[in-house]
Amino acid sequence: MLLRIPRPDDLPPDGVARLPNRLWPFIWFFLKQARSAFIAIALLNGLAHVIDAMVPWFIGRIIDEINMGEPRTIWLRIGGMAAWVGFLYLILSPVLGRTAETIRAQTVPAFTNMIRRQLSMYLQGHSYEYFQSDFAGRLSGKAIETPAAIRNTANTLIGPFLMALVTFTVTFVLFSSTHWVFGAIALIWAGGYSLLLRTYIPRILDASKEASERASVIRGRSVDSLSNVLSVKLFARKSHEDAYLLESLSSMTCAAQRLMHTVNAKFIRLELGVIWIVAASFLASIMLWSKGMITIGEVATIIPLAVRLSQMSWWISEVFSTFYQDLGQVAEGMETITKRHQVTDRSGAQPIAVARGEIRYDNVTFAYGGTSVFEGLSVAIPPGQKVGLVGPSGAGKSTFVNLLLRLYDIQGGRILVDGQDIAVVTQDSLRAHIAVIPQSADLLHRSIRANIAYGRLDATDDEIIEAAKKANAHDFILKLEDSRGRKGYDAFVGERGVKLSGGQRQRIGVARAIVKDAPILILDEATSSLDSESEAAIQKALTPLMENRTVIAVAHRLSTIAHLDRLLVIEDGRIVEDGSHAELLARGGLYARLWAMQSGGFLGDEPGRVERAAE
Ligand code: ATP
């Protein structure tokens, strides 16, 4: 097999749509992608360890030669062997070791980042619901730390464990070939040692999983608290947050103490378990030598080998504890990350083709877990129609648009876009044809240009500026400067766009949607968080954007949607009214009541008057 160093952009042949969710298959899934490099490192290191472990045997042979022959002929008798020892130990072993290290230095960082990328790709494939139910900080921690733990596991396997295996094998062969008594001592010792490790390892694994889980809760809580720092300040909740964090810190402390005690308890028993091999080998070799059954050189081989083995077993049991802590961390990260994707592309799913933007909900049934939202909902929206969704809070308006975006899978019925069932097309292609302007545009901590171009990555500078102008954003963008002196379109917006006002953020969101140029446009309370002036500016920007597109606008403030072609009034997941503003007012139902409430009972029934009043 040719040596191939892994690269961060490597992907397995079948991609990462599925990841194993059992510990060793999960680790192997990544290890096998870099197997030729790891095998090369293991072979080179293994050979170097064989040479190192053979040193006491060479010394024993030399001592026998010194002991048995004439001093005058000593170099004749040991010269060849000494030259061999010199070559193997002083030249070959270091060369093998350094070559292995050079390959390792190239392999390990790339391997770790290859796993990070693959885990991040898998994480991105999770449903919207998955991210809503967990802390972003905890998840990103898992995606960063789990690969580091897999790397440590691989390092331990090809480093200390390989060395221990080679040392024990060489020792066992030399012990047995010297006298069967030593072979028996080595076997009994190995059995006892494995038994001790087997007793303690599961306990260490459990304790370290618990410690790692609690550490990630701390990270999640800390990120939650820091990313909501405004709420903390506004409600003067510093000490509450401190107590909240302290609670998880205390629980983490207990878990870490338990882990360390478990490790410590293991060491006490190991101490008794490994030390006797030195005494037993010493006594047996002296007895056998005194009976003339082994030579003095063999005594000189056996005793250092026994000492080396007992020292190594100390070191290895320490390595074992960190190894199992790493495994605990891998197991814990694996459980979080490798949950099955809930909303997936069907095998062979094709991209959707949207030319007209017709939308049809056909007998749709949907529930969040046990909370039923829609039962047999049917509605058709012709291409180019502009529809307002109205209804009391919790009626299902956001759910209606989230289902069109396939953020959730429906339990019954079909949703069709231009006659194609959205469940059988690729999610990315579906979302590429729908532009969404949410209540508050989520901006990335990147430049204004990058944020607008997020709508279409190949948008040119001219297109970006054109979109910003249409969104009434160009003028304020030109005046922006960030803390590092970057100006205008190059200025960074701060995490989640916090350095911009709500209205400015929204206008960047509109520019992004303009650049995206999708045939379907969703406005989910796009202007509800804004003051009247910003709202008017955004409404002005939205009007050209809505031309020639199918639009679904969710709004509580009826004045912002009253002028649309059609209004759907949703109550308890059912469409209870369907018609234009004038028709619904004439009907005197729920919409008319909501309208009357919002217009204070005295504003007229013309949407234009309300908009003017808002301005
Ligand atoms: P609002 O006007 O307040 O935004 P809405 O009409 O958009 O409300 P939805 O957000 O669609 O209503 O919610 C419809 C129902 O589904 C509500 O009962 C809500 O509690 C429930 N719901 C919404 N999101 C989830 C979720 N992620 N998990 C469980 N239930 C949810």
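Placed above this text is the structure.
As the structure is a prediction and not an experimental result, all values here were calculated from the model. Here the residue numbers are simple positions, counted from 1 along each chain's written sequence. In keeping with the predicted nature of the model, local features appear solely for residues at pLDDT of at least 70, side-chain atom pairs appear and are counted solely at 80 or more, and the whole-chain, interface and lining totals rest on all residues. Excluded from the side-chain calculation are hydrogens and water; included are all heavy atoms of the structure.

Student: I would appreciate a short explanation of the side chain of Glu 577 in the present structure.
Tutor: Along the chain, the position of Glu 577 falls in strand E10 (residues 574–579). Summary of the burial criterion: residues with accessible area below 20% of their type's maximum are buried, those above 50% are exposed, and those between are partly exposed, where the area comes from a 1.4 Å probe applied to protein chains only. Charge counting follows a simple rule: Lys and Arg are positive, Asp and Glu are negative, and His as well as the terminal groups are ignored. The term salt bridge refers to a side-chain nitrogen of Lys or Arg lying within 4 Å of a carboxyl oxygen of Asp or Glu. Summary of buried charges: Glu 577 has no salt-bridge partner, and the nearest side chain of opposite charge, Arg 587, is 5.0 Å away. The definition of a polar contact used here is a pair of N or O atoms within 3.5 Å, where within protein one atom must be able to donate a hydrogen and the other to accept one, and adjacent residues in sequence count solely through side-chain atom pairs. Here Leu 590 takes part through its backbone nitrogen, which lies 2.6 Å from a polar atom of the side chain of Glu 577. Residues within four places of Glu 577 in sequence aside, it is in contact with Leu 567, Leu 568, Val 569, Leu 584, Arg 587, Gly 589, Leu 590 and Tyr 591. Each helix corresponds to a stretch of at least 4 residues labelled H or I by DSSP, and each strand to a stretch of at least 2 residues labelled E; elements are numbered beginning at the N terminus. In this analysis, two residues are considered to be in contact whenever any of their non-hydrogen atoms come within 4.5 Å of each other.

Student: Got a minute to help me understand helix H2 (residues 35–68) in this structure?
Tutor: Residues lying three or four places apart along an α-helix face the same way, a consequence of the helix completing one turn every 3.6 residues. Taking 1.5 Å of rise per residue, 34 residues should cover 50 Å, and H2 covers 49 Å from first to last C-alpha, within 8% of that figure. We define the bend at each residue as the angle formed by axes fitted to the 7 residues ending at it and the 7 residues starting at it. A bend of about 35° at Val 55 is the largest found in H2, and the proline Pro 56 appears one to four places after it. An expected span of 1.5 Å times one less than the residue number is assigned to each helix.

Student: Could you clarify how one ought to interpret the sheet that holds strand E8 (residues 550–554) in this entry?
Tutor: Within a sheet, adjacent strands bond to each other through the backbone by hydrogen bonds, running parallel or antiparallel. The sheet built from 6 strands is open, its strands ordered E6-E7-E8-E3-E9-E10 with mixed pairing. A strand with exactly one partner marks an edge of an open sheet, and here the two such strands are strand E6 (434–437) and E10. With strand direction ignored, the average angle separating the axes of adjacent strands in the sheet is 20°. Pairing of E6 with strand E7 (residues 520–524), which is carried by 4 bridges, proceeds in the parallel orientation. Residue Ile 437 lies in a different strand from E7, and its bridge partner there is Leu 523. All axes are obtained by fitting lines to C-alpha atoms, using only the stretch in contact for helices, and the reported angles, taken between N-to-C directions, cover 0 to 180 degrees. Contacting E6 and E7, helix H15 (residues 502–516) crosses the sheet at an angle of about 175° to E6. Paired strands, in this sense, are two strands between which DSSP finds at least two bridges.

Student: Sorry, what's going on with a nonpolar patch on the surface here?
Tutor: Together, Trp 84, Phe 87, Tyr 89, Leu 90, Ile 91 and Val 95 make up an exposed nonpolar region whose accessible area comes to about 650 Å². Along the chain, the position of Ile 91 falls in helix H3 (residues 74–124). Patch definition: residues with relative accessible area over 30% and no salt bridge; like charges joined within 9 Å; nonpolar side chains (Val, Leu, Ile, Met, Phe, Trp, Tyr) joined within 5 Å. In these tables, accessible area is a Shrake-Rupley quantity obtained with a 1.4 Å probe, and a residue counts as shielded only by the protein chains included in the view.

Student: Any chance you could explain the pattern of salt bridges here in plain terms?
Tutor: Pairing between side chains of opposite charge can happen when the charged atoms of each approach one another. Across all of its chains, the model carries 21 salt bridges by this definition. In this structure, Arg 406 engages Asp 409 in a salt bridge whose closest nitrogen and oxygen atoms are separated by 2.7 Å. Here Asp 409 falls in the partly exposed class, since its relative accessible area comes to 29%. Residue Asp 482 is joined to Arg 486 by a salt bridge in which the shortest nitrogen-to-oxygen separation is 2.7 Å. Given a relative accessible area of 10%, Asp 482 falls into the buried group. Judged by its relative accessible area of 26%, Arg 486 falls in the partly exposed class. Linked through salt bridges whose partners overlap, the residues forming this network are Glu 210, Arg 214 and Arg 258.

Student: When you look at the site of the ligand in this model, what are you seeing that I'm missing?
Tutor: Around the ligand, the structure places 13 residues, and the nearest of them are Ser 393, Gly 394, Lys 397, Thr 399 and His 556. Ala 395 is positioned such that a nitrogen or oxygen atom in its backbone is 3.1 Å from an oxygen atom of the ligand. Between the ligand and Lys 397 there is a distance of 2.8 Å, counted from an oxygen atom to a side-chain nitrogen or oxygen. In isolation the ligand offers 630 Å² of accessible surface; the protein chains occlude 64% of this area. We call a residue near a molecule or strand when any one of its heavy atoms sits within 4 Å of it.

Student: Can you walk me through the packing of aromatic side chains in this structure?
Tutor: Ring pairs (aromatic) are described by centroid distance and by the angle formed between their planes. The rule is short: rings of Phe, Tyr and Trp, with Trp giving its six-membered ring, pair when the centres are within 6.5 Å, and they are stacked under 30 degrees, edge-to-face over 60, tilted in between. In this structure the tally under the stated criterion is 23 aromatic pairs. On the numbers, 5.0 Å between centres and 10° between planes, the contact of Trp 189 with Tyr 193 is stacked. A residue pair is termed a helical-turn pair when its members lie 3 or 4 positions apart in one helix, as Trp 189 and Tyr 193 do in helix H6 (residues 180–227) at 4 residues. For the pair shown, Trp 189 and Tyr 193 are each scored as buried. Relative to Phe 400, the ring of Phe 374 has its centre 6.4 Å away and its plane inclined at 85°; by these criteria the two rings are edge-to-face.

Student: Looking at this structure, how should I read the nonpolar core?
Tutor: When a protein is soluble and globular, its nonpolar side chains tend to lie buried together. Core analysis: the largest hydrophobic core is formed by 77 residues, its most contacted members being Phe 30 and Phe 111. If you tally residues by element for this core, the top one is helix H9 (residues 296–337), at 16 residues. In contact with Phe 30, not counting residues within four places along its chain, are Leu 19, Phe 111, Met 114, Ile 115, Gln 118, Leu 119 and Ile 150. What is meant by a nonpolar core is a set of buried Ala, Val, Leu, Ile, Met, Phe, Trp, Tyr and Cys residues, joined one to another through side-chain atoms within 4.5 Å. Listed in part, the 52 residues of the second largest apolar core include Val 390, Ile 448, Ala 468 and Leu 558.

Student: Can you walk me through the sheet that holds strand E4 (residues 412–417) in this structure?
Tutor: Judged by pairing direction, the sheet is antiparallel, and its 4 strands sit side by side in the order E2-E1-E4-E5 without closing on themselves. Of all the strands in the sheet, just strand E2 (371–381) and strand E5 (420–421) have a single pairing partner and so form its edges. Pairing of E4 with E5 involves 2 bridges; the strand directions are antiparallel. Pairing of Leu 416 across the sheet is with Asp 421, part of E5. Across the sheet, helix H10 (residues 397–404) is in contact with strand E1 (359–368), E2 and E4; its angle to E1 comes to roughly 115°.

Don't take any of this as a statement about function, it's just geometry.
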